[in-house]
Amino acid sequence: MKLTGGAIVARALEDEGITFTFGIPGTHNIELYDALAESNGVRPVLVTDEQSASFMADGHWRASGRLACVNVVPGAGLTHALSGIAEAFMDNIPLLVLGCGIRQDIPKAYQLHDIDQLAVVRPATKAAFRIERGEDLYPEIRRACSLARAGTPGPVMVEVPVDLYLHQHDVTPERWCAPPREAVATGAEALARVAASLNDPGARPLLYLGLGAARAGPELVALAERLDAPVATTFQGKGVFPESHPLFLWNGFGAAAPPFAREVARGRSVTLAVGCRFSEVGTGSYGLEPPGPLIHVDIDSRVPGRNYPVQQAVTADAAAFINGLVPLLTPRRPNATLRQAIAAGHQQVWKDWLSHQSERVTPARLLRGLQDGLGPETIFTTDSGNGTFLAMECLRLERQGKFLAPVDYSCMGYAVPAALGAKLARPDCAVVALAGDGALLMTGLELLTAVQQRLGVAVIVLRDRELAQISQFQATALNRKTASELADYDAGGIAAALGVEALSLEHDGEIAAVLRRVREITAAGRPVLVDVAIDYSRRTYFTTGVVKTNLLRLPWPDRLRFIGRALTRRVFG
Ligand SMILES: Cc1ncc(C[n+]2csc(CCOP(=O)(O)OP(=O)(O)O)c2C)c(N)n1
Ligand SMILES: [Mg+2]
């Protein structure tokens with residue numbers, strides 16, 4: 001049978017269960033777009049800038065666990081998409097990046113968009129390869145998708161030369177099939193050893209869970225209860241363990257966590273870390289020390305021991321390992337003192353957050369209001385900025401897939417497009433983007449896509465007229481803000497120009513009424529922008545902890561220089 005490359009690729013996407021491609025078409029992939037128009041299963045979504053395409057595909061996965069496709073033209077489309085590809089790479093989110101290549105059928109130089117794009121994208125992908133022959137299109141695209149999902153997930157780029165898309169190829173679809181599944185490492189050989197360490201009657205374990213642990217699902221609760229261990233998660237892992245559980249400690253446990261979490265962690269004698277990497281952001285600039293010997297389980301053998309010395313390194317899939325481990329653990333009786341310390345600690349955190357009164361909107365009341373007003377299924381996307389840390393500290397989430405944050409690449413511009421991807425994946429859930437007023441300037445125009453796709457997302461713009469996450473560091477460490485104060489702009493005016501309704505939220509007293517209106521608008525399938533006069537004057541535990549950690553890490557002469565400079569400026573201006 002003869003099919004164009006476009007039709008073959010569309011079929012491969014359908015068979016992978018991919019329902020959305022995100023991108024902007026160009027001359028190189030018009031044949032693919034034309035084939036997608038014929039497809040019942042795959043919907044091509046037009047974006048305003050390709051960086052949003054990769055953020056949308058990322059948000060789609062994080063909200064649903066379903067793969068989406070970034071569909072871009074060579075060079076220019078790919079470099080725009082690169083920020084989101086790199087975010088997905090560092091945060092371990094699978095994407096199929098469907099790039100186009102220049103034509104291979106004529107030996108001409110200086111072709112449109114021609115750069116060595118595989119070289120550009122290689123450091124930000126799990127794999128990147130070009131398909132050379134029409135008959136390879138179907139199996140290679142399916143192989144790319146399974147590679148993206150396998151082991152530690154990540155983006156995989158496939159370059160399809162334009163002539164392969166355009167030409168017809170002899171293929172036998174009856175022979176097309178899914179690639180074989182790879183065997184999963186279970187860590188069975190380590191189970192007895194790990195169980196023995198944890199079953200020691202004197203052992204007081206701490207559990208530290210990352211996004212990689214999510215696959216273990218409810219078994220994580222069984223694990224924590226058997227061990228009677230407090231549970232800290234990474235930022236990425238926020239929600240993998242129910243945060244209303246009496247053993248939930250915090251998203252972290254070091255200098256960037258509140259005092260109670262640090263204290264509880266200090267009292268533990270062994271750490272079991274699962275599906276996490278002890279990355280810089282998650283650890284608050286490596287401002288934590290796992291208590292006692294570290295047992296570190298990860299699907300990637302290069303991870304355990306990379307940042308913190310391990311006593312036991314286990315290469316295993318979290319679900320397989322934890323399923324094997326739980327039955328081997330001797331159940332412990334609940335320690336009432338420990339649970340009380342955790343409960344009292346959380347109460348104190350809320351007291352501290354809520355004691356912050358202001359004429360503007362206070363973050364804790366806003367975030368609580370959003371949770372209460374929009375319900376437990378709400379998906380939150382955050383951006384690189386103060387909003388991520390506020391959301392981390394003030395939201396209490398019961399499951400994973402509800403906190404979508406650009407953590408390790410920490411790329412501004414994530415929140416709005418990721419929210420659109422999440423809404424397309426989970427139309428049944430309320431979706432809230434918490435965007436800084438700096439970040440909104442990067443990808444806020446994507447609200448136009450929300451209008452076009454009829455997506456009822458709420459974009460909450462945290463208006464402080466600064467790049468706060470940076471200006472707060474500058475103010476604390478340097479007592480001077482440089483290039484971090486934003487020129488003022490009319491966020492509601494931008495929304496209006498895109499056909500999006502805008503609301504303004506000036507003080508806490510308006511939260512409930514504004515959220516009622518947000519519910520009405522989004523329920524009608526329309527996006528809404530809420531311009532929030534946020535009060536950032538109370539620092540997050542995270543920012544305070546990270547400033548301290550970094551200051552203490554400086555050699556003495558630099559530490560004194562920093563402190564001296566800040567003091568001099570404070571006194572003399
Ligand atoms: C693409 C990119 N550029 C710069 C930065 C550095 N950066 C991190 S947070 C931040 C401030 C973001 O400001 P805004 O969006 O207003 O959020 P706020 O912190 O004020 O809530 C900046 C500039 C980044 N993370 N990503
Ligand atoms: Mg700001």
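This text goes with the structure placed above it.
Here the structure is a predicted model, which is why all the values come from computation and not from measurement.

Draft legend 1. The pairing of strand β19 (residues 501-505), seen in detail. The pairing of β19 with strand β20 (residues 528-533) spans five bridges and is parallel. Considered in β20, the bridge of Ser 504 is made with Asp 531. Where the polypeptide runs from β19 across helix α20 (residues 511-523) and back to β20, its parallel neighbour, the crossover connection is right-handed.

Draft legend 2. Region of interest: the sheet that holds strand β6 (residues 127-130). Spatially, the six strands line up as an open sheet ordered β3-β2-β4-β5-β7-β6, and their pairing is parallel. The sheet is open, and its two borders are formed by β3 (43-46) and β6, each paired with just one other strand. Each strand of the sheet is rotated relative to its neighbour by a mean of 25°, with strand direction disregarded. Bridge count between strand β5 (residues 95-101) and strand β7 (residues 155-161): seven bridges; the pairing is parallel. Each residue of the ladder has a partner; that of Gly 99, found in β7, is Glu 159. Sheet strands touched by helix α3 (residues 50-64): β2 (20-23), β4 (69-71) and β5. Its angle to β2, the strand with the most contacts, is close to 155°. Docked against the sheet, helix α4 (residues 76-91) engages β4, β5 and β7, running at close to 155° with respect to β5.

Draft legend 3. Molecular detail of the packing of aromatic side chains. Within this structure, the stated rule accounts for 12 aromatic pairs. On the numbers, 5.8 Å between centres and 65° between planes, the contact of Phe 235 with Phe 389 is edge-to-face. Residue Phe 235 is found in the loop between β10 (231-233) and β11 (248-250), and its partner Phe 389 is found in helix α14 (residues 386-394); the two are separated by 154 residues along the sequence. The residues Phe 235 and Phe 389 share a single accessibility class, namely buried. When the centroid spacing of 6.0 Å and the interplanar angle of 90° are considered together, the rings of Trp 250 and Tyr 541 count as edge-to-face. Within this pair, whereas Trp 250 is found in strand β11, its partner Tyr 541 is found in helix α21 (residues 541-553), the two being separated by 291 residues in sequence.

Draft legend 4. Broad picture of the coordination of the magnesium ion (ligand 2). Distances from the magnesium ion (ligand 2) to its protein donors, Asp 437 (OD), Asp 464 (OD) and Glu 466 (O), fall at 2.1 Å. For the magnesium ion (ligand 2), the single-chain donor residues occur in sequence as D-x26-D-x1-E. Of this pair, Asp 437 sits in helix α16 (residues 437-443) while Asp 464 sits in the loop between β18 (457-463) and α18 (468-478); the two residues are 27 residues apart in sequence, bridging distant segments of the chain. For Asp 464, a relative accessible area of 16% translates into the label buried.

Draft legend 5. Fine view of the packing of helix α9 (residues 219-227) against helix α11 (residues 318-325). At their nearest, the axes of α9 and α11 sit 10 Å apart, and the two run at 40° to each other. By the angle between their directions, the pair α9 and α11 is classed as oblique. Here the hand of the crossing between α9 and α11 comes out left-handed. Two secondary-structure elements touch here, α9 through Glu 219, Leu 220 and Leu 223 and α11 through Ile 322, Asn 323 and Leu 325. Its residues placed into classes, the contact of α9 with α11 shows four nonpolar, one polar and one charged.

Draft legend 6. How the structure looks around the sheet that holds β10. Here we have six strands laid out as an open sheet, ordered β11-β10-β9-β12-β13-β14, and parallel in their pairing. In the strand order of this sheet, the two ends are held by β11 and β14 (312-315), each with one partner. Neighbour-to-neighbour, the strand axes of this sheet turn through a mean angle of 20°, independent of strand direction. Pairing analysis gives three bridges linking strand β9 (residues 205-209) to β10, with the strands arranged parallel. Bridging across to β10, Tyr 208 finds its partner in Ala 232. Where α9 meets the sheet, its contacts fall on β9, β10 and β12 (270-274), and the angle it forms with β9 comes to roughly 165°.

Reading the values: the criteria
- Residues numbered from 1 in each chain as written.
- Chains lettered and ligands numbered in written order.
- Predicted model: local features only at pLDDT ≥ 70, side-chain atom pairs only at ≥ 80, totals over all residues.
- Heavy atoms only, no water.
- Pairing = 2+ DSSP bridges.
- Helix = DSSP H or I, 4+ residues; strand = E, 2+ residues; numbered from the N terminus.
- Right-handed = clockwise from strand over helix to strand, strands pointing away.
- Axes fitted to C-alpha atoms, helices over the stretch in contact; angles between N-to-C directions.
- Contact = heavy atoms within 4.5 Å.
- Phe/Tyr/Trp six-rings, centres within 6.5 Å; stacked < 30°, edge-to-face > 60°.
- Buried < 20%, exposed > 50% of the residue type's maximum accessible area, 1.4 Å probe, protein only.
- Donors = N, O, S within 2.8 Å, 3.2 Å for Na, K, Ca; no water.
- Parallel < 35°, antiparallel > 145°, perpendicular 65-115°, else oblique.
- Left-handed = near helix turned anticlockwise from the far one by under 90°.
- Nonpolar A, V, L, I, M, F, W, Y, C, P; charged D, E, K, R; others polar.

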